[in-house]
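Each chain is listed here by its residues.
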Amino acid sequence: QTVWYDRLCKAAPISPETSGLPAVSAPWLQDCVVSLSPCSDLMVVAKGSKAVFLSARWQTDDGGREGMTLAVSWSGTLILTFSPSAFRSSTGRPDWTCIVVGFSSGYVRFYTESGVLLLAQLLNEDPVLRLKCRTYEIPRHPGVTEQHEELSILYPAALVTIDGFSLFQSLRACRNQVARAAAAGSEVVQPPPLAYKKWGLQDMDAIVDHSSVGIMTLCVFDQMRNASILGGFHASVKGSLPAMSQYITVGGGPYTGFYYAIEGSSQPLLSHVALAVASKLTSALFTAASGWLGWKKQNEEEPTQKQKPKVEPATPLAVRFGLPDSRRHGESICLSPCNTLAGVTDDFGRVMLLDVGRGIAIRMWKGYRDAQLGWVQVSEGRGESSPSAPLPRRHAQFLVIYAPRRGILEVWGTQQGPRVGAFTVGKHCRLLYAGYRLMGVNSVTSQGWQLHTQQVCLFDPATGALRTVTVPFHLALSDKKSERAKDLHLLKRLTTLLKSRDEAQRVLLDIKHPAIKKQALESLLANKNAPVSCLTNITRLLLANPEAVDEALLQLCSSQLKLLQLYTDIQQLHSTVEASTDAHTKPVRAEPLPRVSLILQRYTELTSGSRPSVSFAQDSPDASLPVRGFLSQMEYCVVVYSVGSFLFWGCLIGESPLQKVCDTLQETGISPQHLLSLLLSVWLHREKEVLKKPKAVRHLHTLLTALSSMKGAVESSWDMQCVSPWWQQVRSACVQSHSAAAALLAAIVAHRAAKDNITSLAETKFQSEWEAVSLELEQWAVCVRQLEDVLALQTLLCVAPLKGTPGGATPHCSVKALLEGGRGGIADSVAKWVFRQDLAPERLKDMLQRRGEAQRTEQPSQPVLREKSQEDADFNRAAGEWRFPDSLSPDLLFAHCCWEYVVQWNKYPEEGRYLCCAVEHLKRVSSPHIQLGISSMMWNTFLVKRFSAAAFLMEKVSSNFFFLCDVGMGDGATTSFLGSCVALLQILMEADSGIEEVTPPELCVEEVWGGAEGPASIVELALEQRGIHYPLVQHHCLLATLLHTAMTFNLRVKPLSLFDSKGKSAFFRELVSIQLMPSGDMDPGLVSLRQEFLLTVLTGWVKTQSEAGMAPASTRLDLDSGDETWPSLCLDLGTLLQVNPDILRRHLVCELYNHGLDPRAEQVMLEVEDKDVLGSQLLVLTGQRLSYSLLHTQTQTKPAMELLARLPPTLCTWLKAMDPSELGCLSVPLSQTSRLVSRLIEILPENHGQYSLALHLLEAVEVLQGED
């Protein structure tokens, strides 16, 4: 408050002499203009030429209490500020706030929350008196005329209205243009003027306030009555009823005036206004409008308009009628939300209620000088209407009157209702009522969201508090003697009196209405502060007076009393600890426990690690259960582990008497099935605590046996050859649980209890010593074995992944999840573990082989494994052949690993090693049928789209940026991707070649997992794939090889241009389709392009070999371009591309000699067929070497000069014509050059034209070598 006051009074301070009061206690707010947004989150305070914008913020005070406060968001100077008004502009939730400010100069300006000017326009040359806004209201009845949005500005003798829709669009465009100008650092361009209507209000001496009611349509009777009054007896009536806009003004002479403007005149649009101004200011407007609409150039400067804007004349509008009172002068008018009533204040201290439709005063209050008015509209709640109430819901309106002279705030029911509330407040407060909602809403955009309520707020400058007036709907129903209104009031008082038992009982019994009394009891039971003793006494008291309650309330009291008694008894039993609890428990003879002891121990180690996590105190298993939570969850039979923990956890850990707890539960009448669900929920949820307490297994057996013996648990007429619903409930809970160890222990205990129960029933019925065999025991055997497998698999999945592996959280599995996952669910889970551990394919193959060796050397029932590491041990326990011989066969596991890696690669395309690992896993699948199907699915699902994008992009441009945009990968990842495509297509061709020699594999599953139902596994889908067209796959493999080669050696080439039209049209088709492939001899020009490409590849490979040889061993990189297989690959490509391979070999020999790699060149030379051409090429290369040795300025020596002088003139001239700069390696030993000349003599025939030149070269080299 002090900050606001200081900022507002800097320009115009208030002195104690002028105000008559001390500076601190001066009512400074009375001299300010205050406006509040409809959402109550922005307040504008203006005084003189200063204005402050206050925005709602969530803050914490010094005492640590949090609350919503209004803090200063902007303050500044607004010259001649007169009347601000804030409104929201949005089509959904509140988006931004626009502040409309009227000035005494007649200007109206629009600002943002931060004080940025959006729009300014001179509408009249008189001071602005009032600004009011009307927003869209959803019609509550079909006959109500739909009102549109409008902004109205009142001048002393004129009224200007602006259509809300056009204003909203203009302000939004201005705001966007200002934001763009601020971001670009340019000047803001003035927007075109707004379209508006201007009425000259006549026949009133003075006007101080107004209200725009909206469009109204008269009925036929009112039309005839008005025509008779205005036109006389012979007046005629038009056939159509005119639509009129109604305006009400207050002031003097008359006291209240009613104006009606007939609709139908064309409203000036934005284009009309712009066209009219353009006829006078053509160039200026074109420059401004072009910049505002977005096409103004940056270098254009806007001319300054120094002349005063033209003010349009007003259209005369005569007053239709009014309320004449020569002595009374109106001060303000406030329209109701439904536009049917209006409150008017005057200088006599009266408040008058007007009927807007009829134009008459229907009520008057006196004694309210300087009163401030507001309206509250309340909708009827869903629970307040009677069953026979018609739809839609009813609405009630209340008039809020603030009398500052008396310091009282009153709420009155309209039209003739009583005063329903009165509050004593300060004498210097301000009543803030916006009177409108969000702007920018119509009948279409208002669907599906609730319009914000128009709030009435009281601002107290003494405390800085902003209070909201809220009125309940029931106050409008009748007077104070209404029993329903009284009961609702008592219901609200009840929550504040819970700590006083006697007062709460009295208030509850005073309620007469049965439905409200039941609601009061429910709220009392749901209160967190209500003690158990108080709830019990009140419930008993209601049961003791059956005549005061109805049947529904009687049943509620009876059921809640039983639950309250149970809550109290269980609490008392948990506080009693019996030391002899274990003596009454029967030991469990669980044979499967030794078999799974190792897995349980390993599972406990992995799950009990101190992994950081976030938990809340109320969610802790050891947190006490409040009585309201117990009642709500038990009433609706909700299975929540907190209730199960409250009832059974003390028994499971041996701190509560088991038998007494079971007896208490049996007496309450709760169904055994519900108790069993609660017991299993706490057992399965608190797995870590259960594994740390070995005795809990025996206590669980005791509790299961006790619950099974309850009436209604196991039916006495149960046939042992059928499945028991009781034990089926236990199995269902175990197979659905993700707590593998707890579910297995519960199943083992329940299996033992069920076996004992079946044995006792068999002895009773048959009286035989034979062991009973039933379907139930068979179901339990299968369930226990399934849970053992799940525990082993979950133990493997709990192994922590390597750092940096994007495996995510630890996956959890259950029997139900594996059964619903289909036959490939188990292999899919292990494949995810392989990815999380980042196991290499060769490592996985080694583990599978070791698993098979362990199976052949050890017994399945007692596996004693000899693993190399803990990882092998975990894998063998979970994926051993004695556990999953079929579901985790090598082919299935490798296939699922391949698919998991390619899925992960699709998520992270830059990780090229994922796709490489997928291909490596696929190579290790032994079945060609599975290989063929997986390869086809990978190609069609993940690869072909990126492959085609890379091919088309390389045909256009080669840039890392374009690859990242179009293919989704950079250069390095794209190169790896293309190499994987080549490998995949080669696997596909090999699989297609060997598919006829091998029969398709038969997919089997373990007997206990034979009921798996779900989506088909990857292997099943692979076996369903159709065969491929081998030539088409080979065609794609050729393209992939060319693309990979070009990317590896960074060659600028258009790969698709190396194929003819038939070859291009066959690309990227379905691999199973028959396409027209290229055949016969190719065009020589095309063959020439292919030859040039392959020669460039060989040159690039030789360069990498030369660079790798010169680089130090510690800095050499293992690059794909340095692979030794590239020359043979180029020769194979030459055969496929119809390029002469001997040309490629000769080029390779020359390039190797050119880069000083003579030993490798000699090996390749043996395969060259045309030695004559090769000899000529090498002769030139030898001449370049000798030219460098003899004629280079830095290496010339005296012996070299003497040798050069002795050479024949023809040889000397020939050496000088050689260009040594074409050599890739200049410093070549003379011994290698001598050996090269010797090889030339051998391969050149004696009749060759350059044979003598070769002899001279040999002689020169030998002389140089001898001198060295």
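Reading the values: the criteria
- Residues numbered from 1 in each chain as written.
- Predicted model: local features only at pLDDT ≥ 70, side-chain atom pairs only at ≥ 80, totals over all residues.
- Heavy atoms only, no water.
- 1 Å grid on protein atoms, 1.4 Å probe; cavity = no way out; pocket = protein on both sides within 12 Å on 5 of 7 lines; lining within 4 Å.
- Points joined across faces, edges and corners; volume = space filled by probe spheres on them.
- Helix = DSSP H or I, 4+ residues; strand = E, 2+ residues; numbered from the N terminus.
- Nonpolar A, V, L, I, M, F, W, Y, C, P; charged D, E, K, R; others polar.
- Buried < 20%, exposed > 50% of the residue type's maximum accessible area, 1.4 Å probe, protein only.
- Contact = heavy atoms within 4.5 Å.
- Patch = residues over 30% accessible without salt bridge, like charges linked within 9 Å, V, L, I, M, F, W, Y side chains within 5 Å.
- Areas by Shrake-Rupley, 256 points an atom, 1.4 Å probe, with all protein chains shown as cover.
- Salt bridge = Lys/Arg side-chain N within 4 Å of Asp/Glu carboxyl O.
- Axes fitted to C-alpha atoms, helices over the stretch in contact; angles between N-to-C directions.
- Parallel < 35°, antiparallel > 145°, perpendicular 65-115°, else oblique.
- Left-handed = near helix turned anticlockwise from the far one by under 90°.
- Pairing = 2+ DSSP bridges.
- Phe/Tyr/Trp six-rings, centres within 6.5 Å; stacked < 30°, edge-to-face > 60°.

With the rule as written, the count across this model stands at five cavities of 30 Å³ or more. Lining the largest cavity are Arg823, Gly824, Leu892, His896, Leu1003, Cys1004, Val1005, Ser1017, Val1019 and Glu1020. Of all the secondary-structure elements, those providing two or more residues to the lining of the largest cavity are helix 26 (890-907) and helix 31 (1018-1023). Its residues placed into classes, the lining of the largest cavity shows five nonpolar, three polar and two charged. What lines the second largest cavity is simply Leu818, Gly822, Arg823, Gly824, Gly825, Ile826, Ser887, Val1005, Glu1006, Trp1009 and Ala1012. Looking at the lining of the second largest cavity residue by residue, the classes come out as five nonpolar, four polar and two charged.

What follows concerns the environment of Pro694. With respect to the helices and strands, the residue Pro694 is situated in the loop between helix 17 (687-692) and helix 18 (696-708). Its relative accessible area of 64% is what places Pro694 among the exposed residues. In this structure, the C-alpha to C-alpha distance between Pro694 and Ile653, residues 41 residues apart in sequence, is 9.2 Å.

Considering the arrangement of structural elements, one finds Gln786 in helix 21 (residues 775-797). The class for Gln786 is buried, based on a relative accessible area of 8%. Beyond its immediate chain neighbours, meaning those up to four positions away, Gln786 contacts Val815, Leu819, Val1008 and Trp1009.

This brings us to unusual backbone geometry. Cis peptide bonds are those with omega within 30 degrees of zero, and the linkage from Gly253 to Pro254 qualifies with 0°. Position of Pro254 among the secondary structure elements: in the loop between strand 14 (243-252) and strand 15 (256-262). With an omega dihedral of 10°, the bond running from Thr414 to Gln415 counts as a cis peptide bond. Even without being glycine, Ser40 reaches a positive phi, approximately 60°.

Together, Val220, Met224, Val237 and Leu241 make up a nonpolar patch on the protein surface, roughly 320 Å² of accessible area in all. Tracing the sequence through the fold places Met224 in helix 4 (residues 220-231).

A word on the packing of helix 26 against helix 27 (residues 912-923). The N-to-C vectors of helix 26 and helix 27 enclose an angle of 165°; their axes lie 8 Å apart at closest approach. If you check the angle between helix 26 and helix 27, you find them roughly antiparallel. At the point where helix 26 passes helix 27, the crossing takes the left-handed sense. Taken together, the residues of helix 27 that come into contact with helix 26 (itself represented by Phe894, Cys897, Cys898, Tyr901, Val902, Gln904 and Trp905) are Gly912, Tyr914, Leu915, Cys917, Ala918, His921 and Leu922.

Sheet architecture is open: four strands sit in the order 13-14-15-17, paired in antiparallel fashion. Because the sheet does not close on itself, it has two edges, and the strands there are strand 13 (206-217) and strand 17 (319-323). Direction aside, the axes of adjacent strands within the sheet are offset by 20° on average. Note: strand 13 against strand 14, ten bridges, orientation antiparallel. Bridged to Ile215 within strand 14 is Ser245.

In this structure the tally under the stated criterion is 30 salt bridges. Between Arg328 and Asp346 there is a salt bridge whose closest N-O contact spans 2.6 Å. Of this pair, Arg328 sits in the loop between strand 17 and strand 18 (330-335) while Asp346 sits in strand 19 (residues 341-346), placing them 18 residues apart in sequence. With respect to class, Arg328 is no different from Asp346; both count as buried. With a shortest N-O distance of 2.8 Å, Arg1146 and Asp1142 are connected by a salt bridge. Of this pair, Arg1146 and Asp1142 both sit in helix 36 (residues 1141-1154), four residues apart, which is roughly one turn of the helix. You can call Arg1146 buried: its relative accessible area is 12%. Overall, Asp1142 belongs to the buried group, its relative accessible area being 4%. Members of the salt-bridge network, linked through shared partners, are Glu842, Glu920, Lys923 and Arg924.

So, about the pairing of strand 23 (residues 395-403). Burial of strand 23 is extensive: eight of the nine residues sit out of reach of the surface. Note that strand 22 (residues 372-379) and strand 23 share eight bridges and pair antiparallel. By the bridge assignment for strand 23, Leu373 is matched with Ile401. Judged from the six bridges that link them, strand 23 and strand 24 (residues 408-413) form a sheet pairing that is antiparallel. Note on strand 24: the bridge partner recorded for Tyr402 is Leu409. Remark: four residues form the turn of the hairpin made by strand 23 and strand 24, two consecutive strands paired antiparallel; Gly407 in that turn has positive phi of roughly 65°.

Evaluation of the coordinates by the stated rule reveals 18 aromatic pairs. Between Phe258 and Phe321, the aromatic rings sit 4.7 Å apart at their centres with planes inclined by 20°, giving stacked as the arrangement. One end of the pair, Phe258, is in strand 15; the other, Phe321, is in strand 17, and 63 residues separate them in sequence. By relative accessible area, which is 0% here, Phe258 ends up buried.

Any functional reading would require information that these geometric values do not contain.
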